[in-house]
Structure formats: structure tokens, C-alpha cells
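Below, each chain spelled out in residue letters.
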Amino acid sequence: MMRGLALAAGLGTASALAAWAGEVAPKDVVFEGGAIAASLTGTPGNPEEGARIMTTNALGNCVACHAIAAMPDVPFQGTIAPPLDGVASRYSEAELRGLVANAKMTFEGTFMPAFYKTEGFVRPGAGYTGKAPEGELAPILTAQQIEDVVAYLMTLKD
Amino acid sequence: MRSHATTLAAAALWGLGSLGAALAGPVEDTLTVTTDAGEITLVTTAPAPEHLRDVFDTIYSGWHFREDETRDLERDDFDNPGMVFVDRGRDMWNAEIGANGESCASCHGGPESMKGLRAVTPRVDPESGKLMLVEDYINECVTERMGREAWGMTSNEMKDMLALISLQSRGEIVNVAIDGPARPFWEKGRELYYTRFGQLEMSCANCHEDNWGNFIRADHLSQGQVNGFPTYRLKDAGMVTAQQRFVGCVRDTRAETFKAGSDEFKALELYVASRGNGLAVEGVSVRH
């Protein structure tokens, strides 16, 4: 969905198409252990945008499960998962990219959803409509959104 | 139990106490309901049924996980917004809606004749071998005995009637059969319960078995019991059946849901109901 929109919006502008071509597609991501060494887009992430994605329901909604004391204005942070404060002191950027893209490569069977994955689901739907998707499934977050989230996580040092 | 420890630790460590997240476990409270016929105390916690012993020690009604104001609405039939729908169901019960002027009452007498049914459904009908929800029994009468078109699974008529019929079993202990002819349906339901659906790859168990007591954003996760259904849901300002709730929970995993009344969700309702064997039917509960 989001990808479709991005594509449609980008059609006609050569630079947007070039950026698209430079992205690593979900199927082509190379994991080393749980980590992804290279940027998915080549464009540095924007930490402010990352923070917005992490607190927006329809996007990352990371705070549904994780508490982040560095975001005191965000109410009702979840108690499902480890808090993310200091996470950049525990993990490298490559490990964090891997965790956000597909945490199951780091923690087998984890409850955490894979945000950059498009295959291998049981009855995937079209977003939160409850209906079957039309056409190809888009990842929950775009490649650039993953980079933005990683950029924000990198600010969470002890 | 593990989830409680985690939550408490989380609240202490990350200073979330002020957000109310520290209220982790089920609230300790007793549900005594004031009804026209006096007071009745409902069993809202019970030892886990045998088949769940390796998972839970104790089972809890979802009532224990709601805020004070929401819990209070269920303590008095006068305050319970679900009772309006029960009344509508009673009118329909007495209405001569059949092709030949039959009403439910003309065959069954008063709605009290339905006492006990809710506590043992879903169940396998011994004659047809089909798994029957209360909704299926209702539709069997509507179509075969009254000559009408079937009611939609989540239509207003259906939900009103379900509310009336469920209320007749209020206080009775849920005891759905899981053996004999029910076994294959139950096993199918159990398989669905542990299947990680959708793009979020989440099973019922991920939320209601591994994380009950925890908060997923502002939502205090319960054990996902169906003993309270149908429920008046404040968020929807209307009645919600167990089948509808399943649709909602599966949709929230970014999955293509099954339909209310599908074979899959019927089997799932039997399985989920069996996880609540030991809790009281709440008739029409109130949730947020």
C-alpha cells in the first residue's frame, strides 16, 4: 500500500525513481546473524521522523510494546517488551537495523513483528482492513522508514 | 505469572508507575450483580481447567482487567447498557414473526426455558453432528420452524436474541464438552489459537496467554475469555459477540480474517470457551 503510493507519487520524477532503484527490497536483504550491515537506501535516516514512526499507530507503533523513557510525552507505553533506553549502547547500528527489519533473525520466534518482510505469512491482510491484499504485499515500513527508526534508536545511548 | 513479574519490574525500573501501568495484574474484586430478582455473585476467577494446567493456575474473566468505572457498570442491571438489548430480544421472543404466526414463545414458553444453554455451547448437536453456536440454534428455528430467511450472524436481531438467551444462564458455570464428538472441533480450534496470523505474525496465545496482565499501549490484556459474551462494548456503543471479537482480534494482526460464523471461528469459539470452563456465564457483560 504505502509502497504503491510512494511509487505512484514518484512516477515521472527521475530522481525518485533512482532512489527507488537504489533500495534493497525486502526479499534481497542480507542478514549476517541478525544484523544488516549496509543501509537499505543509502540515504541517512532522519531521527525525528524515526521518532514519529515509532509512536504512530499505523506505522511502527513500537511504543505499543516497548517503553521509552526518552519519550516522556508519549502516554500509555507498553509493558510487553524490553524498554529501548540505552539500546544503542547494547547493539551496533547493523544489529539495530536487523532487529527492526526482522527481529526473528535475532530472537527466534519473538513476538516482535518483522517490519521489513513481505513473505511467509499465514493469511496476510491488506493492512488492518481484515481483507485479503490485492497484489503484492508491502512491508509494514518502507526502507527509508526503517533507516529513520534506526537513526532514532542510535540516539538512545546510556 | 511471568508476565506479572516483568510488568512490575518494568514499572519500577522505568518509572512508569505514574502512567498507571503498574496496575498490572487482574484487579482483585468480586462481581455481585443487583438484578430484579435480588443479588447474584458471579464466579469470575477459578482454577484453570485440566487441559490448561500447564499454562495457567487460575483463569480470570476479562472483567478483572477493566477500569473501575467499566467494572461498576456490570454490578447493577439498571446501569448495564446491555440490558436494553436484552429487552429488545424479549420483544422479539414474543413477536409472532413466523410464516404462520409462530413466535419463539409459542414453542418454548418463556425465555427461562433457555436456562443453561449458554454454559454448554458451542456444542456438537447429537443428531446432526454439527458444531452449534447459540446463534446456529437460533437460526435453525428462524429458518426451519418459522420459515424465515436466516438472520445475519451479527445482525441486530441475532445479537438481541443472543443477549436474552445468554442472560438466562447468568451465574451458571461454563462447562463445554471437549471430548467425544467435540474433540476434532476442539483440536481445530486449538490449532487456530496458536497460529500466528497476519503480517504481524501474532496468535491469540501471544497476547492472551503469554502477555495477559501486560499493557499493549493503553489496552490491559486479559486472558481473552468468552464467558462474558455477548458483551456491551463501550467503544462500539453496542453489543459484540464472541465471533465479532475474534474478527477484530485477527484483523488487528494485519490478517485476512475468517468470517463470523465460519467453521474456523466456530471451532475457535469452542476452544476459547473451554479455556473458561469454570467461570460463570456473565450473561451480558460490559467491556470498554
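Everything that follows concerns the structure shown earlier in this document.
First things first, this report covers the structure right here in the doc. Every value quoted in this text rests on a predicted model; they were computed, and no experiment measured them.

Rules used in this analysis
- Residues numbered from 1 in each chain as written.
- Chains lettered and ligands numbered in written order.
- Predicted model: local features only at pLDDT ≥ 70, side-chain atom pairs only at ≥ 80, totals over all residues.
- Heavy atoms only, no water.
- Buried < 20%, exposed > 50% of the residue type's maximum accessible area, 1.4 Å probe, protein only.
- Helix = DSSP H or I, 4+ residues; strand = E, 2+ residues; numbered from the N terminus.
- Arc of directions from axis to C-beta.
- Contact = heavy atoms within 4.5 Å.
- Core = buried A, V, L, I, M, F, W, Y, C linked by side-chain atoms within 4.5 Å.
- 1 Å grid on protein atoms, 1.4 Å probe; cavity = no way out; pocket = protein on both sides within 12 Å on 5 of 7 lines; lining within 4 Å.
- Points joined across faces, edges and corners; volume = space filled by probe spheres on them.
- Domains from an automatic or database assignment.

1. Concerning helix α8 (residues 183-193) of chain B
All names here are of chain B.
At step 1: For α8, the full list of buried residues reads Trp186, Gly189, Leu192 and Tyr193. In an axial view of α8, the angular spread of the buried residues amounts to 120°, which keeps them on one side of the axis. Residues Pro184 and Glu191 are exposed on α8 and point more than 90 degrees away from its buried face.
At step 2: On the buried face of α8, the contacting elements are α9 (204-208) and α11 (263-275).

2. A look at the nonpolar core
At step 1: Met54, Ile68, Ile146 and Leu153 of chain A are the most contacted members of the largest nonpolar core, which totals 40 residues.
At step 2: Of all the secondary-structure elements, those providing two or more residues to this core are α3 (47-55), α4 (87-90), α5 (93-102) and α6 (143-153) of chain A.
At step 3: It is α6 of chain A that contributes the most residues to this core, six residues altogether.
At step 4: Contact partners of Ile68 of chain A, with chain neighbours within four places excluded, come to Met54, Val63, Gln77, Leu84, Asp85, Tyr152 and Leu156 of chain A.
At step 5: Core analysis: the next-biggest nonpolar cluster, separate from the first, contains 36 residues, Tyr60, Val176, Val250 and Leu270 of chain B among them.

3. Overview of empty space enclosed by the protein
Residues and elements named next belong to chain B.
At step 1: The tally for this structure, following the rule as stated, stands at two cavities of 30 Å³ or more.
At step 2: Counted as a void, the largest cavity has a volume near 100 Å³.
At step 3: No other element matches α11, which puts three residues into the lining of the largest cavity.
At step 4: Three or more residues apiece are contributed to the lining of the largest cavity by two domains, here domain 1 (4-79 + 173-287) and domain 2 (83-167).

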